[in-house]
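# Fold and geometry: a report
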Amino acid sequence: MSTVQSTGIERIAAAFAHTSKRAALMPYVMGGFPTLEESLRIGEACVQGGADVIELGLPYSDPLADGPVIHAAGTQALAAGANVAGVLEVARALAASVPVVLMCYANMVFAPGVDAFLERLQRAGASGLIVPDLPQGEAPEVLTSCDERGLALVPLVAPTTTPERLAAIGASARGFVYTVSVVGTTGERRALGEGLAGLIARVKASTRAPVAIGFGIATPEQARQAAEAGADGVIVGTRLVRAAGEAEDPAGAVGAVVGELAAGLAPTAHTSAS
């Protein structure tokens, strides 16, 4: 599929539709961590390891939804000089291979102006964005501007999202619905919630968009469990950022973990007994 002729929304849809795995695999990469150059190498390793979509984080000084590992990585990236322009160059390079969805905070969108910010994303080849703290009252403005550029504004829902709000969010979802598996910030967890299948079913009933599960998935087993529970996509962040921070070869370490996660999502992967 040509990246020139396809919108970001179409590229994301194709990634979900054509993955060879049980669910699309979406690794999270913190832009600028440990350095901008190394974050690009990490992203490339994710692609080689089997990523279908890349979630690329823009480091921010007050990340409300990020757990301690990702928060620390963002702090280090900022200290090393990462900025929006540099991270968008990483996005541009990765977007030649897979759809890239930027994860950023509302102030980063509104401070330069919604249209100006989204124009930069589009020029960089990004396919969409996730804004965890986007005020509900401001969402229509951002959604309209995204739609004009073919960018997917990916919403988040949680186990605590009310049925009424879930219906409204699902109706306007673009790209996919980022479904938070637990209440809290990002981070690795020993087990996924028992109500995961029910949560996924509720979200799927509210939208035509694919449903991706994030927050807490760290192992091939958990990725497979999420797919078995009905998830269309699996998002893994903290486990990969931790691997990057602990290794002498960050890209090699992350690529190896992504390869293991992809293997866990393979159609022939062992199905655990319930």
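In this text the structure is predicted, and so the values were computed from the model without any measurement.

## Looking at the pairing of strand 3 (residues 100–103)
- Going residue by residue along strand 3, you find Val100 and Leu102 tucked away on one face and Val101 and Met103 tucked away on the opposite face as well.
- Judged from the four bridges that link them, strand 2 (residues 54–57) and strand 3 form a sheet pairing that is parallel. Bridge pairing links Ile54 to Val100 in strand 3.
- When strand 3 meets strand 4 (residues 128–130), the two strands line up parallel, connected through three bridges. The residue of strand 4 that forms the bridge with Met103 is Ile130.

## Observations concerning the sheet that holds strand 6 (residues 156–157)
- The strand order 5-4-3-2-1-9-8-7-6 describes an open sheet built from nine strands, whose pairing is parallel. In this open sheet, the two edge strands, each paired with only one partner strand, are strand 5 (152–154) and strand 6.
- As paired elements, strand 1 (residues 24–30) and strand 9 (residues 233–236) share four bridges and run parallel to each other. Bridging from a neighbouring strand, Pro27 pairs with Val236 of strand 9.

## A look at the packing of helix 3 (residues 68–79) against helix 11 (residues 238–246)
- As a packed pair, helix 3 and helix 11 sit with axes 9 Å apart at the nearest point and diverge in direction by 50°. Taken together, the axes of helix 3 and helix 11 are oblique relative to one another. Crossing of helix 3 over helix 11 shows left-handed handedness. Touching Val69, Ile70 and Ala73 of helix 3 are Thr238, Val241 and Arg242, all from helix 11.
- Of the residues that constitute the contact of helix 3 with helix 11, the class distribution is four nonpolar, one polar and one charged.

## Some thoughts on the packing of helix 2 (residues 36–49) against helix 4 (residues 84–94)
- Where helix 2 contacts helix 4, the axes come no closer than 10 Å and their chain directions differ by 25°. Here helix 2 is positioned roughly parallel relative to helix 4, judged by the angle of their axes. Along this stretch, helix 2 crosses helix 4, giving a crossing that reads as right-handed. Residues Leu36, Ser39, Leu40, Gly43 and Glu44 of helix 2 pack against Gly86, Val87, Val90, Ala93 and Leu94 of helix 4.

## A closer look at helix 1 (residues 8–18)
- Burial in helix 1 covers these residues: Gly8, Arg11, Ile12, Ala14, Ala15 and Phe16.
- The inward-facing, buried residues of helix 1 abut strand 1, strand 3, strand 5 and strand 9.

## Some words on the nonpolar core
- Within the largest apolar cluster, 94 residues are counted, with the highest numbers of intra-cluster contacts made by Ile54, Leu56, Leu102, Leu121, Leu129 and Phe176.
- Excluding anything up to four places from it in sequence, Leu129 contacts Val101, Leu102, Cys104, Val109, Phe117, Leu118, Leu121, Cys146, Ala152, Leu153 and Val154.

## A few points about the pattern of salt bridges
- By the definition in use, this model includes 11 salt bridges.
- A salt bridge links Asp52 to Lys21; the nearest nitrogen and oxygen atoms lie 3.0 Å apart. Here the residue Asp52 occupies a position in the loop between helix 2 and strand 2, and Lys21 occupies one in the loop between helix 1 and strand 1, the gap between them amounting to 31 residues. Each member of the pair, Asp52 as well as Lys21, carries the same accessibility label: buried.
- Residue Glu148 pairs with Arg149 through a salt bridge whose shortest N-O separation is 3.8 Å.
- On the basis of relative accessible area, Arg149 is assigned to the buried category, the value being 16%.

Rules and cut-offs
- Residues numbered from 1 in each chain as written.
- Predicted model: local features only at pLDDT ≥ 70, side-chain atom pairs only at ≥ 80, totals over all residues.
- Heavy atoms only, no water.
- Buried < 20%, exposed > 50% of the residue type's maximum accessible area, 1.4 Å probe, protein only.
- Helix = DSSP H or I, 4+ residues; strand = E, 2+ residues; numbered from the N terminus.
- Pairing = 2+ DSSP bridges.
- Axes fitted to C-alpha atoms, helices over the stretch in contact; angles between N-to-C directions.
- Parallel < 35°, antiparallel > 145°, perpendicular 65-115°, else oblique.
- Left-handed = near helix turned anticlockwise from the far one by under 90°.
- Contact = heavy atoms within 4.5 Å.
- Nonpolar A, V, L, I, M, F, W, Y, C, P; charged D, E, K, R; others polar.
- Core = buried A, V, L, I, M, F, W, Y, C linked by side-chain atoms within 4.5 Å.
- Salt bridge = Lys/Arg side-chain N within 4 Å of Asp/Glu carboxyl O.

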